[in-house]
Amino acid sequence: MTSQAIEEPRGRRAEIAFGIRLSLPAGLGMFPLGVAFGILVIQYGLPWWMAPALSIAVYAGSVELLLVGLIAAATPLATIALTTLLVNFRHVFYAFTFPLHVVRNPVAKAYSVYALTDESYAITAVNPRGWTAPRLLATQLAFQCYWVFGGLAGVLFASALPGPIEGLEFALVALFITLTLDACRTRSQVPSLVMALACFAAAHLLLPEQSLFVAMMLFVVALAVRYALSRQRGQPEKETTVA
Amino acid sequence: MPDLGYVIAALVIAGAITVALRAVPFAVLKPLRESRLVLALGLWMPVGILGILAASTWTGTFTGDAGINWTTATHAALAAAVTIAVHLLFGRRTLLSIGLGTLTFVLLVNLL
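Residues numbered from 1 in each chain as written. Chains lettered and ligands numbered in written order. Predicted model: local features only at pLDDT ≥ 70, side-chain atom pairs only at ≥ 80, totals over all residues. Heavy atoms only, no water.

A. Looking closely at the UniProt feature "transmembrane region" (unreviewed entry) in chain B. All names here are of chain B. Mapped onto this numbering, the UniProt entry gives "transmembrane region" (unreviewed entry) at residues 6-25, 37-58, 70-90 and 95-111. Along residues 37-58, the helical share is 100% and the strand share 0%, with 31 Å between the first and last C-alpha atoms. Along residues 95-111, the helical share is 100% and the strand share 0%, with 23 Å between the first and last C-alpha atoms. (UniProt positions renumbered as here; feature names shortened; annotations may be inferred. Helix = DSSP H or I, 4+ residues; strand = E, 2+ residues; numbered from the N terminus.)

This is the structure:
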C-alpha cells in the first residue's frame, strides 16, 4: 500500500488534503454507522445532544452504541466503567505502532492520542510510512467529523419520524455479531469465544440483572487461569502475535 | 431520561477510561511490550469481549421485566442467523450484514 506518492514530502496544504483523502474509504462506513447511532439515541428516549456529547466525551464507536442503552437504563456507574475498560482494552496495543512521534505540538499530540480510534489505528497500520503531523491530524479530524455529523444526521432523521421504528435496536446486536466474526478469523480464537459465551450463559442464569458485568468478570478470571495453566505447560507465546 | 448528574458522571468516567487506555501505553510502552500476560490478554480478550457483547445485546432484545418473550426470541434468532450468513457469504461487508440483519428483525417484529 505504500507508494512513492504517499512518502513524498509536501507542503502543509497538500498534506492536509492528502490526509482527508486517506480518510474517505473508512468514512463511508463511519457516517452511516453514525446515523444509526443518532437514531438509537432518540429511540432510547435520550435528548438529541447526547449524540454529539457522547461522540466528543467518549470518542469510541462501539462503546458509544453500548453506552446509549446503558445510560438510558440508568445502569450503575461501576458497570459502565468496567464495560468501557474491557471493550476499549484493545486500544492499549495501538501505541506500539501508531506514528505519534511525527506530531510535535503538545495540543495536537493530545488530540491525536484522544482520537486514536480503531479506524485511526487501522489507517496507519495499512499505510505505515510517510505520516506527517498535518496529514495524521487531518485524517483523525476527518474521522471524528464523519462520526459526529453522522450522529447529528441520525438524530435529525429520527426526530422527524412519527414514532419509533420497533426493532431498530437490533443494529447494535448485528454490529457486535459482525465484529465478533471478524475477530474470530482463525481457529486459535475459537477457545476464547467459547469460554466467553460459556461465561455469559453462566452469568445470565445466575444473575440475569447483572449478566454483562458478571460475564466480563468471569471471562477475565477464566483468561487469567488459562494464562497460568499455559505458562505451567510452558507454551504461553506459541501464537502470541499482536495483529 | 436519567438524571443529568448521572449522565455527566457516566460520560466523564467512560471518557477518562477511554483516553487513559489510549494514552498510558505511550508512557509505559516498554515494560508493557514485554509483559506476556498483557500480550496474551491482547490476543485472547477481543473476540471474547465482543462475543459477550453480542450475546448480551442479543438477549436484551427479547428479555424484559416480564421475562423472556419467546416470539421475539425466535425473531432475534432468525435475524442473528441472517446477519451471520450474510457476513460470511457476502465477503464480510459490515454495513450490508448489519443492514440485512436489522431489516429482518424490524420486518419480523412489525409484520408478524
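So much for the structure itself; the text now carries on.
B. Structural view of the nonpolar core. Among the nonpolar cores identified, the biggest contains 96 residues, and Leu 67, Ile 71 and Met 216 of chain A are the most heavily contacted of them. Among the domains, domain 1 (4-160) and domain 2 (184-243) of chain A are the pair contributing at least three residues each to this core. For Ile 71 of chain A, the residues in contact, after removing those within four places along its chain, are Leu 46, Met 50 and Ile 80 of chain A together with Pro 2, Tyr 6, Val 7 and Ala 10 of chain B. (Core = buried A, V, L, I, M, F, W, Y, C linked by side-chain atoms within 4.5 Å. Buried < 20%, exposed > 50% of the residue type's maximum accessible area, 1.4 Å probe, protein only. Domains from an automatic or database assignment. Contact = heavy atoms within 4.5 Å.)

C. Spatial organisation of a nonpolar patch on the surface. Residue and element names in this part refer to chain B. A surface patch of nonpolar side chains, about 850 Å² in accessible area, is lined by Ile 84, Leu 88, Leu 89, Phe 90, Leu 96, Leu 100, Leu 103, Leu 107 and Leu 111. Contributing elements (two or more residues each) for the nonpolar patch: helix H4 (70-89) and helix H5 (94-111). Take the nonpolar patch: its biggest share by element is five residues, from H5. (Patch = residues over 30% accessible without salt bridge, like charges linked within 9 Å, V, L, I, M, F, W, Y side chains within 5 Å. Areas by Shrake-Rupley, 256 points an atom, 1.4 Å probe, with all protein chains shown as cover. Salt bridge = Lys/Arg side-chain N within 4 Å of Asp/Glu carboxyl O.)

D. Layout of the interface of chain A and chain B. The interface of chain A with chain B comprises 86 residues on the first partner and 65 residues on the second. A buried area of about 6,800 Å², summed over both sides, lies between chain A and chain B, and 79% of it is on carbon and sulfur atoms. The largest per-residue losses of area from chain A upon contact with chain B belong to Phe 96, Phe 170 and Tyr 227 of chain A, which jointly make up 10% of the total buried on that side. Linking chain A to chain B there are one salt bridge. Residue Arg 92 of chain B pairs with Asp 182 of chain A through a salt bridge whose shortest N-O separation is 2.8 Å. Counting the contacts that link chain A with chain B gives 14 residue pairs in polar contact (both at pLDDT 80 or more). When residues of the side of chain A that touches chain B are traced back to their parent elements, those giving at least two are helix H2 (12-43), helix H3 (50-57), helix H4 (61-72), helix H5 (77-87), helix H6 (106-114), helix H9 (170-183), helix H10 (190-206) and helix H11 (211-232) of chain A. Here the side of chain A that touches chain B gets 14 residues from one element, more than from any other, and that element is H9 of chain A. Taken together, the residues of the side of chain A that touches chain B sort by class into 62 nonpolar, 16 polar and eight charged. (Buried area = accessible area lost by both parts, 1.4 Å probe. Polar contact = N/O pair within 3.5 Å; in protein donor to acceptor, adjacent residues only side chain to side chain. Nonpolar A, V, L, I, M, F, W, Y, C, P; charged D, E, K, R; others polar.)

E. How the structure looks around unusual backbone geometry. You will see that Ala 74 of chain A, though not glycine, has its phi angle at about 50°, which is positive. Tracing the backbone shows Ala 74 of chain A in the loop between H4 and H5. Note on Ala 74 of chain A: relative accessible area 45%, which makes it partly exposed. Here Arg 92 of chain B, not a glycine, exhibits a phi torsion of approximately 50°, which is positive.

F. Layout of the UniProt feature "transmembrane region" (unreviewed entry) in chain A. All names here are of chain A. Taken from the UniProt record, the annotation "transmembrane region" (unreviewed entry) applies to residues 22-46, 66-87, 190-207 and 213-229. The span residues 22-46 is 88% helical and 0% strand by assignment, and the distance between its end C-alpha atoms comes to 34 Å. Between the end C-alpha atoms of residues 190-207 the distance is 25 Å, and the span holds 94% helix and 0% strand.

G. Inspection of the packing of aromatic side chains at higher detail. If you walk through the whole model with that rule in mind, you get six aromatic pairs over all chains. Where Phe 37 of chain A meets Trp 147 of chain A, the ring centres are 5.4 Å apart and the plane angle is 20°; that geometry is what we call stacked. With a gap of 110 residues between them, Phe 37 of chain A in helix H2 and Trp 147 of chain A in helix H8 (residues 133-160) connect regions that are remote in the sequence. A residue is classified by how much of its surface remains accessible, and Trp 147 of chain A, at 3% relative accessible area, is buried. Look at Trp 58 of chain B and Phe 62 of chain B: their rings are 4.8 Å apart centre to centre, the planes differ by 80°, and that puts the pair in the edge-to-face class. Of the residues examined, Trp 58 of chain B reaches a relative accessible area of 27% and is grouped as partly exposed. Residue Phe 62 of chain B is classed as buried on the basis of its relative accessible area of 9%. One Lys or Arg, Arg 226 of chain A, reaches over the ring of Trp 44 of chain B and ends 3.9 Å from the middle of that ring. (Phe/Tyr/Trp six-rings, centres within 6.5 Å; stacked < 30°, edge-to-face > 60°. Lys NZ or Arg CZ within 6 Å of the ring centre and 35° of its normal.)

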